[in-house]
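Examination of the molecular architecture
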Amino acid sequence: MKLSLSTFLVLFMAFSFAFGLTLACDDDDDDDDAAGDDDDTGDDDTGGDDDTGGDDDTGGDDDTACPDADGDGFTDAACGGEDCNDADDTIYPGAEEICDDNIDQDCDDVADDGCLAVEIETIVEDGFFCPTLMSSYVRCHDLAYDSDGNPHVAFWEAGEGDLKYATKTAKDKDWTIVFLDSEGDVGRDPSIAVAPNGRIGIAYYTSGSKEIRYAWKDPGGDWLIISLGAHGGLLEIGGDPHIQFDDSNMAHITAIKFALAWNIMYHQEFSLGAFNSTRIYTEGTSAFGADFMLNAATNMAGIVRHYDDYTDGVNRIFYGTYDFTNEATEEDIDDFSDAEVSTLFNAFAFDGNDVPHVFFQRGMPMTIILAQKIEGTWQKSSLPDDDHAQLTGPLCADRSPDGTVWVSYGSDFPLTPIIGHLQGEDWTFYEMLDNGAGEYGKSASLAVAPNGLPGVTFTYEPDFVNGELRYARLTGTLPVD
């Protein structure tokens, strides 16, 4: 049969179109089915190898490469897991520490963290007496640490009217006690500090001559004492000195002075035993508690004081700064009326970033308020201590070497010194006495040792005759945040 040219072309085009579709479908199938075609080793199959890279999924065989050999739910840290000891099922992140075994159970790189205990020693046995009922602002003892962590204590023997000093090293079994000043009724409100070079300084009040005195001793040297002038007044309300050393081993001392008005005095040592003194704040009615601390950056003093205006029945807490090169600054932190049952207790410390932390007590039942100056604004909150009732003073605050702020205060139920520290936004509190053993104590003074753990001195009074001066410190390792 003879085909016309036009018929031939139509049949040829139809055949070619059908054959091309078949090839196209075969190509798709080859891609999906794979892969066996060497022709198609094509780059598509290496892509398929990415899927065989799903052999990385065989990779889930990473689980076999990183096993949980001890079955505690955590894989071995050696292959990217979190278990720092995959051969022991008691060791894994979040495990409870077993104290005193020097093993890091919870894999936070710190052994025995959170394992804390309180050690208590007696400095002065039966007969120690602190007249805390006579005046709520009397201080009978104070504590400081040197760079080796040895405690140094200044204390007032009220019954004898003497200033004494006690210390011990880790090697000593007993405390060494020294009479420092017995000229008249001396030693009230002692405040002690240790300079970077080991110099010990004590500021204190003398009731007879109504003056602030400063005693100091260099390592290997003898004690020396000078007067910083009269600071007393009506009803013996002057005094209340506080001391710190700056980076140059020079002493800074604040104190209250009454002379027709209430004054906060600032004494700054410019050479050994020689001071510049100035009045930095004056009130017409009353001022108390000029607690202060030097900041880390510039040795500028942050100062907190309590002002009680009997004329309008309002109490105020002030914070100010002073460094002898500029005028003293001051700002009102809090106002509250006498009806709120304010106290004379306040305390102050900078944290590691030189943020001021001011503690004060107010209300009934008594509440401890913390005010922090953050980005130019005072932010206030109550200490969340729900385990103790009838909180009491005095308040003390200190800063640890890592910048953590600690505070101490008292409680009537149970009657024990309490210390607390702030980490981030969380507080942790510790009792420094075992009331279950029938012990109780009050009037604590706080200091933080170079290892970051605090200690307190406090008055232990089982009755009004057999009082003791005691020292308690936390031992162990703090929990890791």
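First, a word on what this report is: a plain description of the structure on this page. Along each chain, residue indices are assigned from 1 in the same order as the chain's sequence is written. It should be noted that, the model being predicted, local features are given only for residues of pLDDT at least 70 and side-chain atom pairs only at 80 or more, the latter also being counted only at that level, while totals for whole chains, interfaces and linings use all residues. Think of the side-chain values as coming from all heavy atoms in the structure, minus any hydrogens and water.

1. Comments concerning the sheet that holds strand β2 (residues 141–145)
DSSP calls a pair of strands paired once it identifies at least 2 bridges connecting them. Numbered from the N terminus, helices here are DSSP runs of H or I no shorter than four residues, and strands are runs of E no shorter than two. Read from one edge of the open sheet, 4 strands run β2-β3-β4-β5, paired in antiparallel fashion. Both edges of this open sheet fall to β2 and β5 (176–181), since each of them pairs with a single strand only. Between one strand axis and the next, the sheet turns by 20 degrees as a mean value, whatever way the strands run. The axes used here are C-alpha line fits, helices contributing only the stretch in contact, and every angle between their N-to-C directions lies in the interval 0 to 180 degrees.

2. Focus on the state of the cysteines
We call a pair of cysteine sulfur atoms a disulfide whenever their separation is within 2.5 Å. Considering all chains together, one arrives at 3 disulfides under this definition. With its sulfur 1.9 Å from that of its partner, cysteine 66 forms a disulfide with cysteine 79. Because the sign of the S-S torsion sets the handedness, a value of about 85 degrees for the bond joining cysteine 66 and cysteine 79 places this disulfide among the right-handed ones. Taken together, the residues span a long stretch of sequence, with cysteine 66 in the loop between α3 (62–65) and β1 (116–124) and cysteine 79 in the loop between α3 and β1 at a distance of 13 residues. The rule is simple: take the accessible area with a 1.4 Å probe, protein chains only, and divide by the maximum for that residue type; under 20% is buried, over 50% is exposed, in between is partly exposed. What makes cysteine 66 buried here is its relative accessible area of 11%. Cysteine 79 gets classed as partly exposed once you look at its relative accessible area, which sits at 35%. The disulfide partner of cysteine 130 is cysteine 140, and the gap between their sulfur atoms is 1.9 Å.

3. Here we look at the pattern of salt bridges
What counts as a salt bridge is simple: a side-chain nitrogen of Lys or Arg found within 4 Å of a carboxyl oxygen of Asp or Glu. This structure, assessed with the given rule, holds 12 salt bridges. Close ionic contact of arginine 139 with aspartate 240 constitutes a salt bridge, the shortest N to O distance being 3.0 Å. One end of the pair, arginine 139, is in the loop between β1 and β2; the other, aspartate 240, is in strand β10 (residues 239–245), with 101 residues separating them in the sequence. Across this residue pair, the class does not change: arginine 139 and aspartate 240 are buried. Through salt bridges with shared partners, a single network forms among Glu157, Glu160 and Lys164.

4. Here we look at the sheet that holds strand β18 (residues 346–350)
A sheet is described by the order of its strands in space; here 4 strands give the open sequence β18-β19-β20-β21, paired in antiparallel fashion. Two strands lie at the open edges of the sheet, namely β18 and β21 (377–382), each paired on one side alone. This sheet shows a mean twist of 20 degrees between the axes of neighbouring strands, independent of strand direction. Direction of pairing for β18 relative to strand β19 (residues 356–362): antiparallel, over a ladder of 5 bridges. Paired with phenylalanine 350 across the strands is proline 356, a residue of β19.

5. Side note on the pairing of β18
Side chains on a regular strand alternate between the two faces of the sheet. Counted residue by residue, β18 has 5 buried out of 5 residues, so it is predominantly covered. Taking every second residue as pointing to the same face, both faces of β18 are buried, with Asn346, Phe348 and Phe350 on one and Ala347 and Ala349 on the other. Between β18 and β19, which pair antiparallel and follow one another directly, the connecting turn spans 5 residues, one of which, aspartate 354, has a positive phi of 60 degrees.

Limitation: the analysis is restricted to geometry and does not speak to function.
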